[in-house]
Amino acid sequence: MKIAITRLPEKAGSDQSLCQEFGHECLIVSPMQAQVYEDAVKAFVTAANEETYDCIFFTSALPARLIGPLLKTAARIIAIGPQTAEYLAEEGISSETLPSHYSRDFVTYLGDWIVGKKIGIPRADVPNPVLMDAINRAGGQAGEMRVYALEPTHAPLETGDAEAILFTSANSYTYATYRKEGLLPLAIGEVTAERMRADGTEPVVVGNGTLMGTLAALNHYLEENGHMSADLHLDMPRGGIIAVDKPRGPSSHEVAAWVRDMLGMPCGHGGTLDPDVSGVLLVMVGRAARLAPVILSHEKEYIALLRLHGDATEAQIRDTAREFIGKNYQRPPLKSAVARALRIRTMYEIDVLDIDGRDVLLRVRCEAGTYIRSLCRHIGFAIGTGGQMVELRRTRSGGYDETMCCSLHALRDATEQAKNGNPEELLSYIRTPESVLEGIPTITIRDTAVDALCHGASLAGVGVTATDTFKKDKEVAVMTAQGELVCIGTALAASDAIVPGATGIVIRPKMVIMQTGTYPKGWVTKPPVVRPRKQEKKPAPTSRTEKKGERAEKKTAPHTRKSLRPGPKKRPDNSKEYLNTSKNGKRRGLAEKSSKGKGKSGGKQGQSKYGGSKSVQRKKGNR
């Protein structure tokens, strides 16, 4: 499906490759344009590099692109989403990504850490009082600086042949003027969806705030709403690859859409060809669409017709073309699906096949992402006559060449035969996902480890049986013992450090191709640990009555360490000594014999109850 995405061109980044990974094609349209405040950018960078801020919060990808290359600070960096974090990573800046991708959860994410901290926020000239109030209420200090403004273009969006339109912000919907007929309205998150509903537009898909989450939700919506064929049933749990000989005229997206309608399965293409370009186009079917990043990285081969604007000798043409073998600087054309950033691409081979007057036929083997149109123009400039590409055909993509392709008509005929019970010809056109793994090292695992990887678990050394040679952090294809692709993962250790059967995590999966349940479950789920319930502490007594009751309980309680201590002697029966006690508990029995008839106290003034003066007793006690 072709999706019109309302995003600033400066923020488009990897939107095209991400859409292709989910089997779609994107068209960047924007109802707004950015006006950068250069003085504000410099002021914020100066303040940040002087360690004015304890934390910097990038609420959008554009400030990250403007400020990231100039930033030299030890402050804590937080990005609102994965694309913003990706821009910062390109400049060598490590950042944290807000889990919810919403600025309203920024303060909650920081927690108590925000107290007393100054937060720097470079943002658009759009007020966000909710965020500012939340930071101040939490004890932080917001240092907001508006580094660019968003101005509506007031021009209708050129959605072309798009089938859906994705609004990436509430303002992009507010300022958008577009045709509503034939376009599925999509919202990237709940805030945008609320703005659309308030205007009477109900989005058919609402994402989680990221493009990846929105595309995943869109694929689920398409599968649930009639994009599966009821007549054709193919047993392809891992999907497959079809090499189509694309004719001149339709776009790559249209070809993938036609194949999708024929097979009734989600499809995507690996490597865009312009409408006037023909040749090898790999169409990924089903779960194999997850291999788009692998297919897009394959080297390509083209046959190009260069037309010079002046006369040149054959030797001059051949020598000049040979000079372009190696690394070349290129900038994408004005009409391209990616940002027009300067890039380096490698030409492995350039052969001059034929020269007819000013027409030069070239064969070019090059790195993925090379613009042959730009190469032809540069060769013409180097010759001194100028030149342009007039015709182009892709003859190879990775391990697929034009002899392995089928035409759209042949694919249509094979599909009809499969519906009538003869799927052999159709299945001969569909190749397994393993056919695109050219140049990728492999690692073989045990059958008992397969299902755990299908559930997203990392691979430990105990599940490894054999490995190819690879380095750490390289992409590795994880295979079963039968040669089936399970997933593409990242190596956490070099191959020479991996010992089959040893412990330790060695592979982290990135793209899981095999479905869960294909292999029997070989891992054991431990039962939940049942811990004894903690006894609730009794609340402290709040009244005198409760305290008395508590003391009574202690008297009747079983013996404790304190209760084992010897207590006072029991009162003997018929004992005057214990019967004759004063109100304060002092004994009077010892002085009874000498105190008869001498008053209640039983002694003279200045003497102790027990005989002798008080001063004498004190002295005796001091001794």
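Residues numbered from 1 in each chain as written. Predicted model: local features only at pLDDT ≥ 70, side-chain atom pairs only at ≥ 80, totals over all residues. Heavy atoms only, no water.

### Quick look at the side chain of T159
- Here T159 shows up in the loop between β8 (141-152) and β9 (164-167).
- Leave out the neighbours within four places in its chain, and T159 touches A4, L27, I165, R179 and L183. (Helix = DSSP H or I, 4+ residues; strand = E, 2+ residues; numbered from the N terminus. Contact = heavy atoms within 4.5 Å.)

### Considerations on the nonpolar core
- Grouped together as the largest cluster of nonpolar side chains are 44 residues, with contacts concentrated most on I242, V259, V364, I372, L411 and L426.
- The biggest single contributor to this core is helix α13 (residues 372-383), with five residues.
- Not counting residues up to four positions away in its chain, the partners in contact with V364 are K300, E301, Y302, M347, E349, I350, I372 and L375.
- V45, A47, A48 and I77 belong to the second-largest nonpolar core, a separate cluster that totals 25 residues. (Core = buried A, V, L, I, M, F, W, Y, C linked by side-chain atoms within 4.5 Å. Buried < 20%, exposed > 50% of the residue type's maximum accessible area, 1.4 Å probe, protein only.)

### Focus: empty space enclosed by the protein
- Scanning the entire structure with this criterion turns up three cavities of 30 Å³ or more.
- When its volume is computed, the second largest cavity comes out at roughly 50 Å³.
- If you trace the second largest cavity, you find it lined by M1, G23, H24, E25, H253, A256, A257, R260, C267 and H269.
- At the level of elements, α10 (252-263) and β13 (267-270) are the ones that each hand at least two residues to the lining of the second largest cavity.
- With four residues, the single largest contributor to the lining of the second largest cavity is α10.
- Taken together, the residues of the lining of the second largest cavity sort by class into four nonpolar, four polar and two charged. (1 Å grid on protein atoms, 1.4 Å probe; cavity = no way out; pocket = protein on both sides within 12 Å on 5 of 7 lines; lining within 4 Å. Points joined across faces, edges and corners; volume = space filled by probe spheres on them. Nonpolar A, V, L, I, M, F, W, Y, C, P; charged D, E, K, R; others polar.)

### Here's the deal with the pairing of strand β17 (residues 343-356)
- Two strands pair when backbone bridges link them, and strand β16 (residues 326-330) and β17 are joined in this way by five bridges, in the antiparallel orientation. Each residue of the ladder has a partner; that of N328, found in β17, is R345.
- Here eight bridges tie β17 to strand β18 (residues 359-366), and the two strands are oriented antiparallel to one another. Its bridge partner lying in β18, D351 is registered against R363.
- In this antiparallel pair of consecutive strands, β17 and β18, the connection spans two residues, and G357 shows a positive phi of 65 degrees. (Pairing = 2+ DSSP bridges.)

### Overview of the sheet that holds strand β26 (residues 485-491)
- Spatial strand order, β23-β27-β26-β25-β22-β24: six strands in an open sheet with mixed pairing. Edge positions in the sheet fall to β23 (459-460) and β24 (464-467), since each has one partner strand and no second.

### Some thoughts on the confidence of the model for the protein chain
- Of the residues in the protein chain, 80% reach a pLDDT of 70 or more, and the chain-wide mean stands at 81.
- Counting interchain partners and residues more than four positions distant, the pLDDT-below-50 stretch residues 585-611 has 33 contacts.
- Contacts for the low-pLDDT stretch residues 613-623, under 50 throughout, to residues beyond four places or in other chains number eight contacts. (pLDDT = per-residue confidence, 0-100.)

### Observations regarding the packing of helix α12 (residues 314-322) against α13
- Axis separation between α12 and α13 bottoms out at 10 Å; the angle between their running directions is 125 degrees. Taken as axis vectors, α12 and α13 run oblique relative to one another. As for the relative orientation of α12 and α13, their crossing is right-handed in sense. Residues Q316, I317 and T320 of α12 touch α13, and the partners they reach there are I379, A382 and I383.
- Of the residues in the contact of α12 with α13, the class split is four nonpolar, two polar and no charged. (Axes fitted to C-alpha atoms, helices over the stretch in contact; angles between N-to-C directions. Parallel < 35°, antiparallel > 145°, perpendicular 65-115°, else oblique. Left-handed = near helix turned anticlockwise from the far one by under 90°.)

### Focus on the state of the cysteines
- As enumerated under the stated definition, the model contains zero disulfides in all.
- Here C26 is not disulfide-linked; the sulfur of C19 is the nearest cysteine sulfur, at 4.4 Å.
- Left unpaired, C454 is separated from the closest cysteine sulfur, that of C487, by 7.7 Å.
- Judged by its relative accessible area of 10%, C454 is buried. (Disulfide = S-S within 2.5 Å.)

### Comments concerning unusual backbone geometry
- In this structure, E51 is a non-glycine residue whose phi angle is positive, near 60 degrees.
- For E51, the location among the structural elements is in the loop between α2 (38-49) and β4 (55-58).
- The phi torsion at D473 lies on the positive side, around 70 degrees, for a residue other than glycine.
- Mapped onto the elements, D473 comes out in the loop between β24 and β25 (475-479).
- Residue D473 is classed as exposed on the basis of its relative accessible area of 55%.

### What to know about the environment of T465
- Topologically, T465 is positioned in strand β24.
- Under the relative-accessibility criterion, T465 is labelled partly exposed at 38%.
- Sequence separation between T465 and I443 is 22 residues, and the spatial gap between their C-alpha atoms is 7.8 Å.
- Residue contacts for T465: discarding those within four places in its chain leaves T444, I445, R446 and P500.

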